Amino acid sequence: MNHSNFNWDSSAFFQRLTATNRFARDNGYTFTLVSSLEGFHGALGEMLSTQAFVAVSDTSDGRLDLENTPHTRRVKTVFLARRHALDDMEDRRLAMDNMRELFRQFISVLILEKTRLEENNVFLDPRISFREIDRYFFTGCACAFFQIAVDTYTDLTYNPDEWINPQPMP
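These figures come from a predicted structure and were not determined experimentally.

Student: Please set out the pattern of salt bridges residue by residue, giving values where relevant.
Tutor: A full pass over the atoms with the stated rule returns ten salt bridges. In this structure, the salt-bridge partner of arginine 73 is aspartate 125, at a minimum N-O distance of 3.2 Å. On the criterion of sequence distance, the pair formed by arginine 73 in strand E4 (residues 71-83) and aspartate 125 in the loop between strand E5 (122-124) and strand E6 (129-132) is long-range, its members being 52 residues apart. Aspartate 97 is paired through a salt bridge with arginine 100; the nearest N and O atoms lie 2.3 Å apart. A residue pair is termed a helical-turn pair when its members lie 3 or 4 positions apart in one helix, as aspartate 97 and arginine 100 do in helix H4 (residues 89-118) at three residues. Within this structure, Glu90, Arg93, Asp97, Arg100 and Glu132 form a network of salt bridges that share partners.

Okay, structure coming up:
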């Protein structure tokens, strides 16, 4: 079976969505890369002049599944943030509604991307979680994130050429 080594670049995908989505542009969303939740928190403090942004973590959690067809699962995290007036819960609610709408629009494109990816033996888990981050995470900024699990075929065929003094397999 010939499997491609195609690898989905989720960062480039969401950067393109942020740049080309009317809602994102009209609402001042900018794109950035971060490393983990701590990196996202740090980026919030550095982007004081930005009203809203989409941040994709350049790290991912993952695992390897040996059952059936061996594949590697990577979980990518996309953070959303939108500033609001301090101590104004109505403005915070509106900011959260705004991020929910952006998420909805991003997922509408991800459905189409899922089909394209499957043609390259890359599979998106259809269960995509969306979580709102506690209001005390960053004062004056509503934050949320969603995660996408990506499965790719992994060739685990034993190759003696990869080993020094290969041992015969039992």
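Student: Describe the packing of aromatic side chains, with residues and values.
Tutor: To describe a pair of aromatic rings, one takes the distance between the centres and the angle between the planes. Under the counting rule described, the total for this entry stands at eight aromatic pairs. Members of the aromatic cluster, each reached through a chain of ring pairs, are Trp8, Phe13, Phe14, Phe103, Phe106, Phe130 and Phe146.

Student: Account for the side chain of histidine 84, naming residues and giving values.
Tutor: For histidine 84, the position within the fold is in the loop between E4 and H4. Judged by its relative accessible area of 14%, histidine 84 falls in the buried class. A distance of 3.4 Å separates a polar atom in the side chain of histidine 84 from the backbone nitrogen of cysteine 141. Not counting the four nearest positions on each side in its chain, histidine 84 is found in contact with Asp91, Arg92, Ala95, Gly140, Cys141 and Ala142.

Student: Hey, could you go over the confidence of the model for the protein for me, with residue numbers and the actual values?
Tutor: Looking at the protein as a whole, its pLDDT mean stands at 83, while 80% of the residues score no less than 70. Taking the mean pLDDT of every element in the protein, the minimum, 65, falls on helix H3 (residues 36-46) and the maximum, 97, on helix H2 (residues 22-26). Within the model, pLDDT remains below 50 along residues 1-5, and this stretch shows four contacts once partners closer than five positions in the same chain are excluded.

Student: Before we move on, could you go through unusual backbone geometry and cite the residues and values that matter?
Tutor: For residues other than glycine, phi is negative in most cases, and the peptide bonds are mostly trans. At aspartate 87, a position not held by glycine, the phi torsion is positive, near 55 degrees. In this structure, aspartate 87 sits in the loop between E4 and H4. Among the residues examined, aspartate 87 registers a relative accessible area of 79% and is labelled exposed.

Student: Before we move on, could you go through the packing of helix H1 (residues 10-20) against H4 and cite the residues and values that matter?
Tutor: Each packed pair of helices is defined by two parameters, the angle between the axes and the distance between the axes. Here H1 crosses H4 at 130 degrees, and the two axes come no closer than 11 Å. Taken together, H1 and H4 sit at an angle that is classed as oblique. Crossing angle aside, the handedness with which H1 passes H4 is right-handed. Counting all contacts with H1, which are made through Phe13, Phe14, Leu17 and Thr18, the residues of H4 involved are Phe106, Val109, Leu110 and Glu113. Taken together, the residues that form the contact of H1 with H4 break down as six nonpolar, one polar and one charged.

Basis of the calculations
- Residues numbered from 1 in each chain as written.
- Predicted model: local features only at pLDDT ≥ 70, side-chain atom pairs only at ≥ 80, totals over all residues.
- Heavy atoms only, no water.
- Salt bridge = Lys/Arg side-chain N within 4 Å of Asp/Glu carboxyl O.
- Helix = DSSP H or I, 4+ residues; strand = E, 2+ residues; numbered from the N terminus.
- Phe/Tyr/Trp six-rings, centres within 6.5 Å; stacked < 30°, edge-to-face > 60°.
- Buried < 20%, exposed > 50% of the residue type's maximum accessible area, 1.4 Å probe, protein only.
- Polar contact = N/O pair within 3.5 Å; in protein donor to acceptor, adjacent residues only side chain to side chain.
- Contact = heavy atoms within 4.5 Å.
- pLDDT = per-residue confidence, 0-100.
- Axes fitted to C-alpha atoms, helices over the stretch in contact; angles between N-to-C directions.
- Parallel < 35°, antiparallel > 145°, perpendicular 65-115°, else oblique.
- Left-handed = near helix turned anticlockwise from the far one by under 90°.
- Nonpolar A, V, L, I, M, F, W, Y, C, P; charged D, E, K, R; others polar.

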